[in-house]
Amino acid sequence: MTANEIFLKMKEKLSDIVPEAELKYKSELANEINRLKEERNAVILGHNYMEPALYYSVPDFVGDSLELSRKAAQTDRKVIVFCGVRFMAETAKILNPGKTVLLPSEKAGCSLAGSITAEDVRILKDKFPGVPVVSYVNTYADVKAESDYCCTSGNAAAVVNAIGNDKVIFLPDEFLARNVAAETGKKIIFPSVGFTGMRNADQEPGIDYQMIGWRGRCEVHEKFSVEDITNIRKQFPDVVILAHPECSPEVVAASDFSGSTTAMIRYVEQTKSHRYLLLTECAMGDNIAAANPDKEMLRLCSVRCPHMNQITLEDTLEALQKNQYVIEVPEEIRVKAARAVERMIQIG
Ligand code: 13P
Ligand code: SF4
């Protein structure tokens, strides 16, 4: 495809969202990225949160965390460029030790992944011996290595149900854990952080629980409130509200649908309402609006993911030109983390 063909393709999707002059410039960048992608035998995986010009040009596959993990597991390309955040690129490396995995920005972290360390998990395992550990995929490799299973928002309840144990440790997102507990009918406790002097809750009389959680939060989704929903419903009585399961259980309960980023995309595609509100990273609203021009997408763009927004077409080009930033995972951690990630891919 030539730069002009890329421009025309982008224009068809994005002419109502991105000015033409910007599309022209971005199509030149995309063209160079695509050329280098072939030259380097690379595949580009793009998360649903990528900005529209990137989302609709260079990725070979777009999707949510679970879908992109599956694509990373299947690729036969030598290089994987992950247009997403570090934990996603690490997951691709865990599944592909022999391939080069590149993350276009060093700054693309995640508040959930940063909320827990491998040592925290070891302390919890000590306190609750024999209880299986499920870690959200939004964690770093050393935390995954301490875990029995990983899950994503797309299969969290399915993973907890598949384990079939009477108790599970579920880390690190407090809200996802609460939402999964509600969905699976389990009671959840949050042992005090720091653990000095904490009694073993297993031995506490009268406490009945099936899930043990951690108080990590997504810095984006924790900000949406029931008040936002009430106000928006007042202004737009016909709005259909979609919330990611990293939102609080109160927000999820006040919404009309909750699911992974891809589940939300599909919901809009497959339902016939005129107006939707997305409670998730704002760029995804642009991507859905571009694919569904007859539907109106409301979004709260004052809340943005500073990590996902690091990834641009410029950085993606530089990643391929300079072979940066190479993701490495020490082999002993990778082997242990791979077990948990492979179980996640198999379930749901
Ligand atoms: P998904 O797995 O739904 O794509 O979500 C990833 C994420 O980081 C949401 O904030
Ligand atoms: Fe992490 Fe939240 Fe950003 Fe997703 S939106 S990458 S969970 S900080």
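Thresholds, definitions, all that
- Residues numbered from 1 in each chain as written.
- Chains lettered and ligands numbered in written order.
- Predicted model: local features only at pLDDT ≥ 70, side-chain atom pairs only at ≥ 80, totals over all residues.
- Heavy atoms only, no water.
- Near = heavy atom within 4 Å.
- 1 Å grid on protein atoms, 1.4 Å probe; cavity = no way out; pocket = protein on both sides within 12 Å on 5 of 7 lines; lining within 4 Å.
- Sits in = over half its atoms within 2 Å of the grid points.
- Nonpolar A, V, L, I, M, F, W, Y, C, P; charged D, E, K, R; others polar.
- Polar contact = N/O pair within 3.5 Å; in protein donor to acceptor, adjacent residues only side chain to side chain.
- Areas by Shrake-Rupley, 256 points an atom, 1.4 Å probe, with all protein chains shown as cover.
- Buried < 20%, exposed > 50% of the residue type's maximum accessible area, 1.4 Å probe, protein only.
- Helix = DSSP H or I, 4+ residues; strand = E, 2+ residues; numbered from the N terminus.
- Pairing = 2+ DSSP bridges.

A. Summary view of the site of ligand 2. Looking at ligand 2, the residues that line it are Tyr 49, Cys 110, Ser 111, Leu 112, Asn 138, Cys 218, Val 220, Glu 246, Cys 305, His 307 and Met 308. When each cavity is represented as a set of grid points, ligand 2 is found to reside in the largest cavity. Of the residues that constitute the shell around ligand 2, the class distribution is seven nonpolar, three polar and one charged.

B. Main features of the site of ligand 1. Around ligand 1, the structure places His 47, Tyr 49, Asp 64, Ser 65, Asn 138, Ser 153, His 221, His 244, Glu 246, Ser 260 and Thr 261. Within the side chain of Asn 138, a nitrogen or oxygen atom sits 3.3 Å from an oxygen atom of ligand 1. One nitrogen or oxygen atom from the side chain of Glu 246 is found 3.0 Å from an oxygen atom belonging to ligand 1. When ligand 1 is considered free in solution it has 300 Å² of accessible area, and contact with the protein chains removes 96% of it. For ligand 1, the cavity whose grid points lie within 2 Å of the majority of its atoms is the largest cavity. Considering only residue class, the shell around ligand 1 consists of one nonpolar, eight polar and two charged.

C. Spatial organisation of the pairing of strand 7 (residues 168-171). Alternating positions in strand 7 separate into two faces, Val 168 and Phe 170 on one and Ile 169 and Leu 171 on the other, with burial throughout. Judged from the two bridges that link them, strand 7 and strand 9 (residues 211-212) form a sheet pairing that is parallel. Bridge pairing links Val 168 to Met 211 in strand 9.

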